[in-house]
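Topology and contacts: notes
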Amino acid sequence: MADKGTDKFPLLGERVRVRGDFNVQNLVRENVKRLKPYSSARDEYLSDGSVMVFLDANENPFDNGVNRYPDPHQRSVKHILAELKGVRESQILIGNGSDEVLDLLFRAFCEPKKDNVITTPPTYGMYKVLADINEIKVEEVLLTDNFQPDVENILNAVDDETKLIFICSPNNPTANSFEVGRVAKILQKFNGLVVIDEAYIDFSENESWISHLREYPNLVVTQTLSKAYGMAGIRMGTCYASKETIDVLKKIKPPYNVNELTQQRAKEGLLNQEQVKKQVKEILDQRELVREALLEINFVRVVFPSDANFLLARVDDAEKRYNELLQKGIVTRNRSKQPLCENTLRFTIGTAEENKTLINTLKELDHG
Ligand SMILES: *Cc1c(COP(=O)(O)O)cnc(C)c1O
């Protein structure tokens, strides 16, 4: 596994060198360039703050909290995010989960049946699914044996039609973070967009790549409220990039893609940082308890280092152990079909009580 010490930011402290040879317009699909975006009722007037009579959108006039269309620009949510993340509001795109954000990236930049993207298995399954839906070829470049991106092979796989490289750090399902130097090299050498999926960044001590947006105009960072923020049910994902890249995505996003209830709950969650920190700490403490317990189980061979809210473990027979756990009412994820992940199970960290149930059940199976 990667030495924690190499995960420091070697670029900080040095003078920031901005990549000046990148223009996102060269990547945009022709039909997207030509497109005239839908202009919603609420786009056509500019509020000066005075009280208005809204007779423009064919809504029901009786107030019940959700009778009006939501803000298509999610201004009040972005206002909070901009402050929290240290970016401008114009550098943020919000989606119906990060899955929508990832899909928009394909639709904006990848020409079906012509362009390709690079992924680094074992990794998140949605990149491939979205590529297949959009008829985009996927070049898969396996991670190294210690689950790091193989920079040389990735750059060798790039051709004129490669538009996006997906980097998931901390990575799902391997749980580790990628070394900063490796990711930086890809950002420096690749002439398309590098999408860094930071769904699990809140569980990691590493700094978000958002702080490097100024250096790398080809950097796109995605995050989500589905994991550390505890709001998978509201479906809200975020994307941070240069204003130029965000403008392209805004042009093609469905106008009302983030509903009113989601915007309201997101604001509450984002403003309650104390609770997020408290829950993350609890989950990390529990993760270490589960790790220690797993290491005591005879049929557990390896517990991989984790920077996320789950543990990947290699067992004697993943299929058998998965089914035994299921019989006992515990649902885990068998990741064995992914390359480099033979006989692995992925355990999400639950509440203290849930984890105790898992551990007791594993012990029973171990002695039975
Ligand atoms: C869970 C997860 C997401 C979250 O997707 P949402 O659509 O925002 O819920 C994104 N990327 C990875 C790698 C994940 O594991």
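Worth saying up front: this structure is predicted, and the values here are computed from it rather than measured. For every chain, the first residue of its written sequence is number 1, and the numbers climb from 1 along that sequence. Reporting of local features is limited, given that this is a predicted model, to residues whose pLDDT is at least 70; pairs of side-chain atoms are given and counted only at 80 or more, and all residues count toward the totals for whole chains, interfaces and linings. Note that water and hydrogens are dropped before the side-chain values are worked out from all heavy atoms of the structure.

So, on to the pattern of salt bridges. We define a salt bridge as a contact between a side-chain nitrogen of Lys or Arg and a carboxyl oxygen of Asp or Glu at a distance within 4 Å. Tallied over the full model, the rule gives 20 salt bridges. For D316, the salt bridge is made with R321, and the minimal N-O distance between the two is 2.8 Å. Note on exposure labels: buried denotes an accessible area under 20% of the residue type's maximum, exposed denotes more than 50%, and partly exposed covers the range between, all computed with a 1.4 Å probe on protein chains only. Given a relative accessible area of 8%, R321 falls into the buried group. Salt bridges sharing common partners tie together K114, D115 and K163.

Domain ranges listed in this record stem from an automatic or a database domain assignment. The assigned domain composition of the protein chain is domain 1 (6–40 + 72–271) and domain 2 (274–367). In this structure, domain 1 and domain 2 have C-alpha centres spaced 28 Å apart. Contacts between the two partners involve 25 residues from domain 1 and, on the opposite side, 20 residues from domain 2. Once two parts are put together, the accessible area they lose, assessed with a 1.4 Å probe and summed over both, is termed the buried area. Interface of domain 1 and domain 2: buried area, both sides summed, is about 1700 Å²; carbon and sulfur atoms make up 66% of it. On the domain 1 side of the interface with domain 2, the three residues burying the most area are P173, A175 and F203, jointly 37% of the side's total. Where domain 1 meets domain 2, there are zero salt bridges. Pairing of N or O atoms within 3.5 Å defines a polar contact, subject to two protein rules: one partner must be a possible hydrogen donor and the other a possible acceptor, and residues neighboring in sequence count only if both atoms are side-chain atoms. At the junction of domain 1 with domain 2, the criterion picks out five residue pairs in polar contact (both at pLDDT 80 or more). Any two residues having at least one pair of non-hydrogen atoms within 4.5 Å are treated as being in contact.

Turning our eyes to something else, we now look at the sheet that holds strand β8 (residues 300–303). Whether two strands pair depends on DSSP finding at least two bridges between them. Secondary structure counts use DSSP, requiring at least four H or I residues in a row for a helix and at least two E residues in a row for a strand, with both numbered from the N terminus. Ordered by their spatial adjacency, four strands build an open sheet running β8-β9-β11-β10, and the pairing between neighbours is antiparallel. Edge positions in the sheet fall to β8 and β10 (333–334), since each of these pairs with one other strand and no more. Inspection of the sheet shows β10 paired to strand β11 (residues 344–348) by two bridges, in the antiparallel sense. Opposite R333, over in β11, you have R346 as the bridge partner. With respect to the sheet, helix α10 (residues 318–327) is in contact with β9 (310–315), β10 and β11, its orientation differing from that of β11 by roughly 35°. Note on method: axes are straight lines fitted to C-alpha atoms, helices fitted across the in-contact stretch only, with angles between N-to-C directions ranging 0 to 180 degrees.

Moving on, we come to the packing of α10 against helix α11 (residues 352–367). In a packed pair of helices, the relevant descriptors are the angle between the two axes and the axis-to-axis distance. The geometry of α10 relative to α11 is characterised by a closest axis approach of 11 Å and an angle of 120° between their N-to-C directions. Considering their axes alone, α10 and α11 lie oblique with respect to each other. Our pair here, α10 against α11, has a crossing hand that is right-handed. Residue-level inspection shows R321, E324 and L325 of α10 in contact with α11, the latter providing L358, T361, L362 and L365. Counted by class, the contact of α10 with α11 contains four nonpolar, one polar and two charged residues. Relative orientations are named as follows: roughly parallel for angles under 35 degrees, roughly antiparallel for angles over 145 degrees, roughly perpendicular for angles from 65 to 115 degrees, and oblique for any other angle. Helix crossings are classified by the rotation of the near helix relative to the far one: an anticlockwise turn of less than a right angle makes the crossing left-handed, while a clockwise turn makes it right-handed. Note on residue categories: nonpolar means Ala, Val, Leu, Ile, Met, Phe, Trp, Tyr, Cys or Pro, charged means Asp, Glu, Lys or Arg, and polar means any other residue, Gly included.

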